[in-house]
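# Per-entry structural report
What follows is each chain in one-letter form.
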Amino acid sequence: MKYAVTLLLFLMSFFAEAKTVHYELTARQKTVNLSGKEQVDFAIAINDQIPAPVLQFTEGDEAEIVVKNEVPKEELSIHWHGILLPPEMDGVPYVTTPPIKSGESFTFRFKIRQSGTYWYHSHTNVQEQKGVYGAFIIHPKAKPFSYDKEVVAVLSDWSDENATSILKNLRKDGEYYIYKKGTMRSWLGAIQAKSLGTFLSNEWTRMGGMDFSDVGYDAFLINGKQDSQLLVAHPGEKMRIRIINASASTYFYVAMGGGPMHVVSADGIDTSPLMAKELLMGMAETYDLLFEVPEHKNYELKITAQDGTGTASGWIGMGEKVSAPVKPFPDMYGTMDHSAHANQGMDHSSHQTSENAGHAGHAGHAAHRKHSAKPPEQKKDIEVVESLSVDDLKAKKSTELPKAAAVRELTLTLGGDMERYIWHINGKAIHQDRTIEIKEGDVIRFTFINETMMHHPMHLHGHFFRVLTQKGSLSPLKHTVDVPPHGTRTIEFYANEPGEWMLHCHNLYHLKTGMARVVKYLSYTPRPEIAHLQHDDPHNHDHLYFYGMAEVATNHGQAQLRLSQTWNQLEARVETRNSKGTNFSFREEWEVEGDLFYRRWLGQFFSVIGGATYFNESARGTVGVSYVLPFLIESQALIDHKGQFRFDLEKRFQWTKTIFTDVDLTWRPSQRGNVEHPFEYEISLMYSPAWSWAAGLMLTDHAIGAGVHVQF
Ligand SMILES: [Cu+2]
């Protein structure tokens, strides 16, 4: 009898493990109105849903997922984020998996080797921003904690503007959306915030100040809605809330009405429980909460975009509403602690920057950041943190890697330039330096050094890595780690998943503009059809972007066109100015000059120039250099083939959110006596309520005029 039971149990577990879970996902274009403001037709839905359907599995299942692409004239892909699987099933088109052509399908088959909260999304173009993301839930064979119900909260950001245009706009100007977001820094704003010193020192050091986001969104969503009832629940009911940040480029503060949140899992892996008043979630991170409805009330799960431009709410319970605390608008003029290097020092709170310190001062905040838990009855011994970061997470068991393995260390410096909107690693975009080769059996240790003023959520496909913190052997395992502005993070993993795996910033626009690598095992050779596909990998291409500007005034006119790649630029500029007073006659007083330059950037601040200049009724060959001086003054020194020098200085003074002055100074020392005015200048006072246009007064060395300026 005993044997029979054992045999039966064995057979049951055998069949349970062999269970195949089948899903069919069909992508189609869809007309939606997710912001409540505008109906748009570029969205891509899976099975007619945004977010895509929640996929449910149990550890040990065989997943069989058919993905059909019915989007006209567009390729599609699906990547299973955080899932351990064979590289061919990872879903990165042209790297590991064939792209799914319009009208075709691809069947993914892989064994589910883990449990937890994960998600899936497109890895093609900017489809993730258009709606291709959904939850991927794997139930453990045995529940590690008890709860009655589960609810999934998929967080996302939404723009009524086609995401393809968003990327083009950012490449015209990284600050394209600054008006829409209302985050313009100005002299007046700095004075009002009593931060003029910081403002000036940021200009002096050419850092500009903290950037919380790039894109101006129209809505933030939980499960596709700005405000909705996630779950009706009664007092005493206990639920597991699975939160996934599936946004393309938004960090969210997450908080709940009714007190701190009981965090039990991060990136799909159970951690020592913690109470947190707030989570700052980077793109692609997931957290699981346990929540027991305390009273006959309706509790808010609230997300606030880190840049302060919007919120979304999901409600759990029923009856009277209990709101989560309101997050104040971020301090645009806050200082940044440059000594703050996450995980380098032993000081636990050293990674704190004033951005998440909020209204509280640094020292004060750090001091009261952690305190022994008072509240919730049954959770007496659980630590309470104000704002949870990876430093607070503690693994349930040792995550140490095999001690005998050789350690390979690599420093990856995260860099970028908001002005030209390029992002890179070690000074190179992925098209310049695609692959990091690693050896199977080694411990690979990457140290990310963030030299930018933005957060970068760095994600490695196909692995979990340890984030080295002061928790030592209990350092947590993650698939995505936030590297804060001017912060440092070290991760390590045991190289035991042969394949080619993307390592990239999960800000969609940073990924698309270069902040990525492919981690390749030397022991791995891709199948011939995949190797062949890699020749067409869009990661290898340096895409071309366009910018244009025109200025028409009573005393002068100007036009500029620019084609740019990551480090190359081709620019044409034509200018004409009235050199004889303020009259409106279009006679010979109007001088014409222009440049046709090729520019190669050799860093964020330095470029070399070669091209031609038209001046004084003659065309000359020209070479030169440009450099951004302290205080964000753009300087340029040129010499033409006739030996004529030219120096340009340019500086913008943003007085208020909508009023600025551009100062433009040109000095051309006369060598042949044919230049009457060695100094030329243009000083403007412009009103600009939007990125695309400005109007106002323009004073040149010859005349004062009025005009308009447009950018496109
Ligand atoms: Cu990034």
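The notes below deal with the structure included here.

Quick notes on the rules
Residues numbered from 1 in each chain as written. Predicted model: local features only at pLDDT ≥ 70, side-chain atom pairs only at ≥ 80, totals over all residues. Heavy atoms only, no water. Helix = DSSP H or I, 4+ residues; strand = E, 2+ residues; numbered from the N terminus. Buried < 20%, exposed > 50% of the residue type's maximum accessible area, 1.4 Å probe, protein only. Contact = heavy atoms within 4.5 Å. Areas by Shrake-Rupley, 256 points an atom, 1.4 Å probe, with all protein chains shown as cover. Salt bridge = Lys/Arg side-chain N within 4 Å of Asp/Glu carboxyl O. Pairing = 2+ DSSP bridges. Axes fitted to C-alpha atoms, helices over the stretch in contact; angles between N-to-C directions. Donors = N, O, S within 2.8 Å, 3.2 Å for Na, K, Ca; no water. Core = buried A, V, L, I, M, F, W, Y, C linked by side-chain atoms within 4.5 Å.

## Topic: the overall build of the protein chain
When helices and strands are counted, the protein chain shows nine helices and 44 strands. Relative to its 712 residues, the protein chain shows a buried fraction of 58%. Partitioning the contacts of the protein chain with sequence separation of at least 6, the portion at a separation of at least 24 is 66%. Accessible surface computed for the protein chain: about 29,100 Å², of which carbon and sulfur atoms make up 57%.

## Concerning the pattern of salt bridges
Here the structure, examined in full by the defined rule, presents 38 salt bridges. Residue R668 pairs with E593 through a salt bridge whose shortest N-O separation is 3.1 Å. Taken together, the positions of R668 in the loop between β41 (659–667) and β42 (679–690) and E593 in strand β36 (residues 590–601) put the pair 75 residues apart, joining distant regions of the chain. We classify R668 as buried; its relative accessible area is 3%. When its relative accessible area of 7% is taken as the criterion, E593 is described as buried. Measuring nitrogen to oxygen at the nearest pair gives 3.1 Å for the salt bridge that ties D648 to R646. Linked by salt bridges that have partners in common, R573, E575, R577, E593, D595, R646, D648, R668 and E680 make up one network.

## Points about the sheet that holds strand β8 (residues 133–139)
In space, the four strands of this open sheet follow the order β3-β8-β7-β5, with mixed pairing throughout. Looking along the sheet, the strands with just one partner apiece sit at the ends: β3 (52–58) and β5 (79–81). Across this sheet, the average inter-strand angle for adjacent strands is 25 degrees, counted without regard to direction.

## Focus on the coordination of the copper ion
Protein-derived ligands of the copper ion are H456 (ND1), C505 (SG) and H510 (ND1), with the metal-ligand distances lying across 2.0 to 2.1 Å. Here the donor residues of the copper ion share one chain and are spaced in sequence as H-x48-C-x4-H. Residue classification places C505 among the buried residues on the basis of a relative accessible area of 0%.

## Details of the pairing of strand β39 (residues 633–640)
The pairing of strand β38 (residues 618–629) with β39 spans eight bridges and is classified as antiparallel. By the bridge assignment, V623 is partnered in β39 with I639. Connecting β38 to the antiparallel partner β39 that follows it, the hairpin turn spans three residues, and F631 within it adopts a positive phi of roughly 75 degrees. Between β39 and strand β40 (residues 645–654), which follow one another and run antiparallel, lie four residues, and G643 among them has a positive phi close to 85 degrees.

## Considerations on the sheet that holds strand β28 (residues 477–478)
On the basis of which strands lie adjacent, the open sheet formed by six strands has the order β23-β22-β25-β30-β27-β28 and mixed pairing. The open sheet is flanked by β23 (422–425) and β28, the only strands paired with a single partner. Taken together, the two bridges between strand β27 (residues 465–467) and β28 define a ladder with antiparallel strand orientation. What sits directly across from F465, in β28, is K478.

## Structural notes on unusual backbone geometry
The amide bond that connects I50 to the next residue, P51, takes the cis arrangement and shows omega of -5 degrees. Mapped onto the elements, P51 comes out in the loop between β2 (40–46) and β3. The backbone of R206 shows a phi angle near 65 degrees, a positive value even though the residue is not glycine. Residue position: R206 is located in the loop between α5 (196–204) and β10 (219–222). Positive phi is not limited to glycine here, since A284 has a value of about 80 degrees.

## Notes on the nonpolar core
Formed by 108 residues in total, the largest nonpolar core has its most connected members in I65, W80, F110, F136, F446 and Y509. The residues touching F136, leaving out its near neighbours within four places in the chain, are L55, F57, I65, W80, I83, F110, I112, G116, T117, Y118, W119 and Y120. Counting residues in each nonpolar core, the second largest holds 19 residues, with L34, Y133, V154 and I244 among its members.

## A few points about the pairing of strand β15 (residues 269–281)
Here strand β13 (residues 252–256) pairs with β15 via three bridges, running antiparallel. What sits directly across from F252, in β15, is M281. The hairpin turn running from strand β14 (residues 261–266) into β15, its antiparallel successor, is two residues long, and D267 in that turn takes a positive phi close to 50 degrees. Inspection of the sheet shows β15 paired to strand β21 (residues 384–388) by four bridges, in the parallel sense. Residue A276 lies in a different strand from β21, and its bridge partner there is V385.

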